[in-house]
Each structure stands twice: as structure tokens, then as C-alpha cells.
Amino acid sequence: MKSDEIQSENIVVDEGLDILEQTVRNEYKYGFVTDIEADSAPKGLNEDTIRFISAKKEEPEWMLEWRLKAFRQWLKMQEPHWANLKYPAIDYQDIIYYSAPKQKEKPKSLDEIDPELRKTFEKLGISLDEQKRLTGVAVDAVIDSVSIATTFKEQLAEQGIIFCSMSEAIQNHPELVRQYLSSVVPVTDNYFAALNAAVFSDGSFVYIPKGVRCPMELSTYFRINAENTGQFERTLIVADEGSFVSYLEGCTAPMRDENQLHAAVVELVAMDNAEIKYSTVQNWYPGDKEGNGGIYNFVTKRGICKGNHSKISWTQVETGSAITWKYPSVILKGDHSVGEFYSVAVTNNYQQADTGTKMMHLGKNTRSRIVSKGISAGFSQNSYRGLVHVGKNATGARNFSQCDSLLLGDKCGAHTFPYIEVKNKSGVVEHEATTSKIGEDQIFYCNQRGIDTETAVALIVNGFAKEVMAHLPMEFAVEAQKLLAISLEGSVG
Amino acid sequence: MLSIRNLHANIDGKEILRGINLDIKAGEVHAIMGPNGSGKSTLSAVIAGREDYEVTEGEIEFMGKNLMDFSPEERAGEGIFLSFQYPIEIPGLTTTNFIKTAVNEIRKYRGQEPMDAVQFLKKMKEKMTLVNIDQSLLSRSLNEGFSGGEKKRNEIFQMAMLEPRLAILDETDSGLDIDAIRIVANGVNKLRTKDNAVLLVTHYQRLLDYIIPDFVHVLYKGRIVKSGTKELAYELEEKGYDFIKAEVEQGA
Ligand SMILES: Nc1ncnc2c1ncn2[C@@H]1O[C@H](COP(=O)(O)OP(=O)(O)OP(=O)(O)O)[C@@H](O)[C@H]1O
Ligand SMILES: [Mg+2]
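Note that the coordinates shown come from a computational prediction; the quantities given were computed from them, not determined experimentally.

**Here we look at the overall build of chain A**
Phase 1 of the analysis: Of regular secondary structure, chain A possesses 11 helices and 23 strands.
Phase 2 of the analysis: Within the span of chain A, comprising 493 residues, buried residues form 62% of the whole.
Phase 3 of the analysis: Long-range pairs, those at least 24 residues apart, make up 84% of the contacts in chain A with a sequence separation of at least 6.
Phase 4 of the analysis: Looking at chain A as shown, the accessible area adds up to about 19000 Å², and 48% of this sits on carbon and sulfur atoms.

**A short note on the overall build of chain B**
Phase 1 of the analysis: Of regular secondary structure, chain B possesses 10 helices and 12 strands.
Phase 2 of the analysis: If you line up chain B on its principal axes, its C-alpha atoms span 60 × 40 × 35 Å.
Phase 3 of the analysis: Of all 252 residues assigned to chain B, the portion counted as buried reaches 58%.
Phase 4 of the analysis: Put simply, 68% of the contacts in chain B that link residues at least 6 apart link residues at least 24 apart.
Phase 5 of the analysis: Looking at chain B as shown, the accessible area adds up to about 10800 Å², and 46% of this sits on carbon and sulfur atoms.
Phase 6 of the analysis: Each charge sign in chain B was given a centre, from 32 positive and 39 negative side chains, and these centres are 4 Å apart.

**Remarks on the packing of helix α6 (residues 148–162) of chain B against helix α7 (residues 178–191) of chain B**
Residue and element names in this part refer to chain B.
Phase 1 of the analysis: Following both chains from N to C, one finds α6 and α7 inclined at 10°, their axes separated by 11 Å at the closest point. With respect to α7, the axis of α6 lies roughly parallel. Our pair here, α6 against α7, has a crossing hand that is left-handed. Taking contact as the criterion, the partners of R153, I156, M159 and A160 in α6 are, on α7, A180, I183, V184, V188 and L191.
Phase 2 of the analysis: For the contact of α6 with α7, the per-class residue count stands at 8 nonpolar, no polar and 1 charged.

**Some details on the pairing of strand β14 (residues 311–318) of chain A**
All names here are of chain A.
Phase 1 of the analysis: Within β14, 7 of the 8 residues are buried, which leaves it mostly tucked inside the rest of the structure.
Phase 2 of the analysis: Judged from the 8 bridges that link them, strand β12 (residues 275–282) and β14 form a sheet pairing that is parallel. Across the sheet, the residue bridging to Y278 is W314, located in β14.
Phase 3 of the analysis: By the bridge criterion, 8 bridges tie β14 to strand β17 (residues 338–347) in an arrangement that is parallel. Residue pairing across strands places V317 opposite V344, the latter belonging to β17.

**Section: the nonpolar core**
Phase 1 of the analysis: In terms of nonpolar packing, the biggest core is built from 109 residues, with I375(A), I4(B), I47(B), F157(B) and L200(B) touching the most fellow members.
Phase 2 of the analysis: Residue contacts for I4(B): discarding those within four places in its chain leaves I20(B), N21(B), L22(B), L43(B), I47(B), E59(B) and I60(B).

**A closer look at the packing of helix α4 (residues 117–131) of chain B against α6(B)**
In a packed pair of helices, the relevant descriptors are the angle between the two axes and the axis-to-axis distance.
Residues and elements named next belong to chain B.
Phase 1 of the analysis: Interhelical geometry of α4 versus α6 gives an angle of 130° and a closest axis separation of 9 Å. Taken together, the axes of α4 and α6 lie oblique to each other. Here α4 runs over α6; the crossing is right-handed. Contacts between α4 and α6 pair F120, K123, M124, K127, M128, L130 and V131 from the former with R153, I156, F157, A160 and M161 from the latter.
Phase 2 of the analysis: Considering only residue class, the contact of α4 with α6 consists of 9 nonpolar, no polar and 3 charged.

**As for the side chain of S313(A)**
Residue and element names in this part refer to chain A.
Phase 1 of the analysis: Considering the arrangement of structural elements, one finds S313 in strand β14.
Phase 2 of the analysis: For S313, a relative accessible area of 3% translates into the label buried.
Phase 3 of the analysis: At 2.9 Å, the side chain of S313 forms a polar contact with the side chain of E340.
Phase 4 of the analysis: Residues in contact with S313, not counting those within four places in the same chain, are I276, K277, Y278, E340 and Y342.

**A short note on the pattern of salt bridges**
All names here are of chain B.
Phase 1 of the analysis: Taken as a whole, this structure holds 26 salt bridges over all chains when the rule is applied.
Phase 2 of the analysis: With a shortest N-O distance of 2.9 Å, E78 and K65 are connected by a salt bridge. Of the two residues, E78 sits in helix α2 (residues 72–78) while K65 sits in strand β5 (residues 65–66), which places them 13 residues apart along the sequence.
Phase 3 of the analysis: The exposure class assigned to K65 is partly exposed, which follows from its relative accessible area of 36%.
Phase 4 of the analysis: With a shortest N-O distance of 3.0 Å, E235 and K239 are connected by a salt bridge. Of this pair, E235 and K239 both sit in helix α9 (residues 230–239), 4 residues apart, which is roughly one turn of that helix.
Phase 5 of the analysis: Classification of E235 as partly exposed rests on a relative accessible area of 26%.
Phase 6 of the analysis: Since its relative accessible area comes to 47%, K239 is described here as partly exposed.

**Quick notes on the confidence of the model for chain A**
One rule of thumb: low pLDDT means the predicted coordinates there are not for detailed reading.
Residue and element names in this part refer to chain A.
Phase 1 of the analysis: This prediction gives chain A a mean pLDDT of 83; 78% of its residues lie at or above 70.
Phase 2 of the analysis: For chain A, per-element mean pLDDT is lowest for helix α1 (residues 3–23), which scores 32, and highest for strand β16 (residues 329–332), which scores 98.
Phase 3 of the analysis: A low-confidence stretch, residues 1–26 stays under pLDDT 50, and its non-local contacts, those more than four residues away or across chains, total 47 contacts.
Phase 4 of the analysis: Segment residues 130–135: pLDDT under 50, and 8 contacts once partners within four positions in sequence are set aside and those in other chains are kept.

**Some thoughts on the coordination of the magnesium ion (ligand 2)**
All names here are of chain B.
Phase 1 of the analysis: Protein coordination at the magnesium ion (ligand 2) comes from S41 (OG) and Q85 (OE1), with a distance range of 2.0 to 2.2 Å. You can see S41 sitting in helix α1 (residues 40–48) and its partner Q85 sitting in the loop between β6 (80–83) and β7 (90–94), a full 44 residues away along the chain.
Phase 2 of the analysis: The class of Q85 is buried, set by a relative accessible area of 17%.

Each value, and the rule that gives it
Residues numbered from 1 in each chain as written. Chains lettered and ligands numbered in written order. Predicted model: local features only at pLDDT ≥ 70, side-chain atom pairs only at ≥ 80, totals over all residues. Heavy atoms only, no water. Helix = DSSP H or I, 4+ residues; strand = E, 2+ residues; numbered from the N terminus. Buried < 20%, exposed > 50% of the residue type's maximum accessible area, 1.4 Å probe, protein only. Contact = heavy atoms within 4.5 Å. Areas by Shrake-Rupley, 256 points an atom, 1.4 Å probe, with all protein chains shown as cover. Lys, Arg positive; Asp, Glu negative; His and termini not counted. Charge placed at Lys NZ, Arg CZ, Asp CG, Glu CD. Axes fitted to C-alpha atoms, helices over the stretch in contact; angles between N-to-C directions. Parallel < 35°, antiparallel > 145°, perpendicular 65-115°, else oblique. Left-handed = near helix turned anticlockwise from the far one by under 90°. Nonpolar A, V, L, I, M, F, W, Y, C, P; charged D, E, K, R; others polar. Pairing = 2+ DSSP bridges. Core = buried A, V, L, I, M, F, W, Y, C linked by side-chain atoms within 4.5 Å. Polar contact = N/O pair within 3.5 Å; in protein donor to acceptor, adjacent residues only side chain to side chain. Salt bridge = Lys/Arg side-chain N within 4 Å of Asp/Glu carboxyl O. pLDDT = per-residue confidence, 0-100. Donors = N, O, S within 2.8 Å, 3.2 Å for Na, K, Ca; no water.

The structure is reproduced here in C-alpha cells:
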């Protein structure tokens, strides 16, 4: 008998349920505001705003030029409206594009961080304390527009790994930044990407040298704090030949009545035989039960498997935001490269999500796998939108897509928009889709075994999402399970 | 233990139970038989607290408490177990996980500490032998792709794990092969004590050869129209329901 197997499995469930109990009736628990002085740009967007941001960050001339070019392009572009999303027009002049918590100096060590900020991160359950090595996760913390602290830097540097804020990378590693920045997501790729290029304030930068296996999870926590502020972070991860890195992104925001804009860009580059695993637990404030407030999340994430036998894997658990517009994609350029997309997207109340992926098969014998699990409750709308493209030289390309939707109640919607373009006859593209409902009889069966409805929904939903959750780093799997349960609270019965 | 008085229940405005009276004492086994659609599963579900049914009249008392005041999960906590005629599936949730959650939620209801993994495993092993269920089944998603017989066996395994005061087995024998019926019956018998009781819903007298009932009731059109001992089951097996139907029509 495989007793070990059962045992470990149960331990995980135990924790999951305990946490669930603790958080029952706990609505969006990250909805607090930290009282810290901020250093902000005036509202509105013009070339001066961009000069202000660039000057604040003491950027080199080339960076300012790059931003201005992006801005001039952006002015000529139109906000896209092809997604299955409805929201009032965004007033881009009514947003503050830069806000930094006021600190006297950039902290030299973690001890110098403003105690208020430190408290914020403690509330979020993020340890900035390098002593707590047990957690084995290196963290870059970004609040509003700037990176506050990056932990474990020195230990990583010993292996030649660079893990720092984007602003530091621009100062200290300009050659790497210039080589790879916007090499995957061009400045004019889309409206939000162009906006991000113009005004991005910070983000994380990772470089893993040849043959190095990054010894710990790298993680960035993003938090919007100041009012009326947009958050525009930019992350760039480069995995050189034969290297490996697993990176996790998490995010929260205070509860506010008005919507706030978040438009991030993430670029991944994997060279020969390199592997990047990028996981996201997206928990931006989703708005209240009536659909007021919440973050508008317009994100461009793309990776390129540049080298042969390289691999990029996106895993996302999306529970937050009022509006989600997000399609983490992989360009499979290298021969035998592999792209993966594992997604759980939960929408409740009046949330709307239009999310999916693009797998662009260009190299030979490239493979991709898409597993998307959409869970809709309340009055929400949840759409999967995916493109599988097999280029004319992509001999032997293979894709498998599985898109499942789970509905709670009958006022919500689930939609699937799979697009397939095959230009090479040898390509094999498979697509499967299912839609199911949590049934009264499933709930009653659980109730009859002593399990209340809230817990039953959590069990059913976690079962549904299991295949995706299994791809999250262990440290975050329990947290993600708990998040799923919380975001669906009160949605049944 | 269980006392049902003049129970009437509707679904979608249609009256299914039309005045049920039934008393079950600790240590007893009662069998309910009756033609298809007579209301056997409805009665089982109403005792378990399924909310789709509207109880319009009458009462159910369990261990001196008015069951109407309890939700389905509280009734489970009070010791009522229902083996479903058609067990449902939950993809992605392993049977083991499900049972562990059930065990601990019921313990919580009773103010007991949750079982740790070691205790739980020990109990699992013990009950697995009792109902002769395969380990591999328990690490699969709950009832997903289980054969009819495997689902029923899983129900009995859950009963063994939860150790209810009152077990209602709704056609647990249907779909079981001859050996499996014997094993399941054996399991039920081993779990019997002077403190618990069993309500068996069945169409076949064969099960009653293995689990000897103290009383047999015939349910017809939402009423218990005849009660007797084990002999009644033989009579039904031999004559079918016609003679009962005739009796009822005559009496009416
Ligand atoms: N949701 C429903 N809507 C309408 N009628 C229903 C509903 N559920 C059950 N019924 C009816 O109630 C009656 C009793 O059904 P029940 O399942 O209790 O019968 P049963 O005695 O268990 O039958 P069987 O031996 O076939 O299992 C049947 O006529 C059935 O069609
Ligand atoms: Mg029935």
C-alpha cells in the first residue's frame, strides 16, 4: 500500500481547510491602506510626466529616449476593444503615473526600511527578513511604483545570478537591459504595452547565467497603495544557456471605490536548454459585491523560447481584479522548444476576465500544452481566448489544449474563443473543452457527509483546478487553494 | 432512536410522501420495500434533510431532537448516514481526501479534535479490510469512473469510516454482484451494535438473507401500507406487489 502518498496528501488538505476556516467571512483581507508619505508625479500624462519619471529614477539618456518614443507611438494608438469586457472609458489624464513611498535614502540594508512599510509587508505575510532562510524564497517587494527591497541578493550573486529591481538593473547592468528590453514585447506591441513602456516605474530584473540552476524561488510582490495611482511594472527575466529559474509573482491592493489601472509587461527569454517557470497568484482588489471599484488589469506577458530545447511554462491563478485582460504567451522559436500555459481564472460578483494564451510555433518539433480552468460565479463573465499558431517552417509541431469551465449559479457566463492557425501540414493541434455546473446533488452529497456548503464548494473547485494547482511551487499551493475558496465565498446557497 | 409521525413531503408541488409513520429503536434493522416510484428514496432524502423536498406536515424526531431544526450537515453530525442510490462524482477530489474532510468536519461538529494523518490512516486500513475495498480506488477522484458496484462499496466504506448511529442504505445492493452483496452485508453486520440502527431500502429479498431485518415495511404511494417481519419479504418475492396493491385499493 502506498501509505506515504495518502499521508502527504492529507496533510495538505488539512492545512487547506484550517486556513479556510480561519478566513470564513473574511472578505478581501488585503484591503488596508498604509499611511506613508508618498512622492508623486502630478496627475495626467504628457512628455513632462515621462521626463519627471525618468529624472526621478536618474535614468540614462537612452532610457528617456526609449520612453518618449513609446509615448509618441502610444498617442497614435487606439485602446483595444475586441475582448469580451465591458467597462467605462478610462480617463488617462486622471491617473497619477508615479508614486513612491518617501524614504530619506534608498535603504542600504533591510534594517533601514521604513517601519510602516515593513508592517505592510508583515500584514501581507511577506518576510523581508533574510534571517528567515527557511522559507527559501528570495523576494523583491514593489510598492506603488518602486522596488523597496530585494532579499537574498548577495547569496544569489555568488552564483552570478542577478535579481534586482528594474531601476537598479538600468543603472548597474545597462548592457543586459538594452539587449533584452522590448526584445519580446516590442514597444508598440499593443496599446497597454506602449503605455507601460512610456511610464513604467519599476519591476524586477532577473538574469541567470549559463548552466546555473537558481537555488531558490524568486518572487516579487506588487502592491498598489496610493490613491488614483496606476501601477505599471515591467519585469524581464533572461535565462542563459542551460539554466533554470522558477519565479513567482503575487499582488494585492487596498479596497477603493474607484477603479485603478494596472498595466504590466513581462518578458521572458530562454536560451538553448534553458527553462523558465513563471507563476502568478493574482489577487488585486476585485471590487465590491455590487461591482464598485477594483483594479483594471491589462497585462502583456510573453516569453520567447529562443534557444533549442528551451522551455517556458506559465502558471497563473487569477482571482482578483475587476477587469482582467491577459494572455501570457510563448514564441517557440528554438527547435524542440516547449511552451506551457496552466491557468485557473476565478470570477465572482461583477468581475470580468478575458484571459488565455498564444502559442506561436515557429521552430521544428515544438510542443505546447494549454490547460485552462475557468470558474464563474455571481454575475461575472469569464472568457478563455487562445491562439495556437503553427508557422510554415514548424514541422512536427504539436499542441494540446484543454479548456474547462465550471459555473456556480446561473447568472454568470463562461465563454471559450479558441483560434487555430496551422500553416504546416505536419502540425497536430488538439482542442478539448467542457462546461459543467456545480450541482445541487454534489452539494447535498457533501452536506450529507457533514461538510457544509462553503467547504463543499471549496473541495469541488479545488478538485476542478487541481491539474493547474499541481504546477504551482509547493510553497504557494496552499495559499492559492485558500484564495480560490475565499474568492468564491457566498457564491452558492 | 428515530420516530416519524404523519410525514408529508412535496416536490415541485407534487405530494410524494403522504403520511409516513415509522419507529426505529437502537439495535434494530428495518427494511423498506415497495414498487418503483413509491417514495423510498424520497423518504431517505427527507430524513437526511434534502432541501428540495418541502415537508408540509408531520415530524421527525431523532435521539429526542426535532430533526427539522437541523441542516443536512448537522444531521450527519448527529449520526445520520445515507448511502445514496446514485452516488455523485467529484472530479479532482480524491476519495481519501473527501472522507478525511467528512470525518473531521463531523468530529468538529461534535467538539472533537481533528484526526491526524497517522490515526486516520490506521482507521482507513482497518475499515478497508472490513468492506474489502481496494486502496487504488481510494486514491482516485471521488466516484469518477467507478463501476456501479464500486460506487456502492465506496458508500459502505464511508459508512464504516463515519460510524453513524442510523445508517440508511438506499438500494446499496442494486448493482452489486453476488459476492459483493455478501461482503457488503458482512460489513454492515460487523458494524452493528446495540446502539445503532439500520434502515435498508431494497427491492430484493436476497439482501435480507444476509442482513436479517427485525421489521419489513412496504411503501406504496407515499404511505407504509403493510409492516411485518422477514416473512413479509418472502411473501413479496413470491407474489409481487399486486396483492398489496389489491389490499390497499380494497381498504380505500
Ligand atoms: N424532482 C422531482 N420532480 C417531480 N417528481 C419527482 C422528483 N423527484 C422525485 N419525484 C417523483 O417522486 C416519486 C418517488 O420517487 P422516489 O425516488 O422516492 O421513488 P423510489 O421509491 O425510490 O423508487 P425506485 O424504487 O425506483 O428507486 C416518483 O414518482 C418520482 O418521479
Ligand atoms: Mg429509489
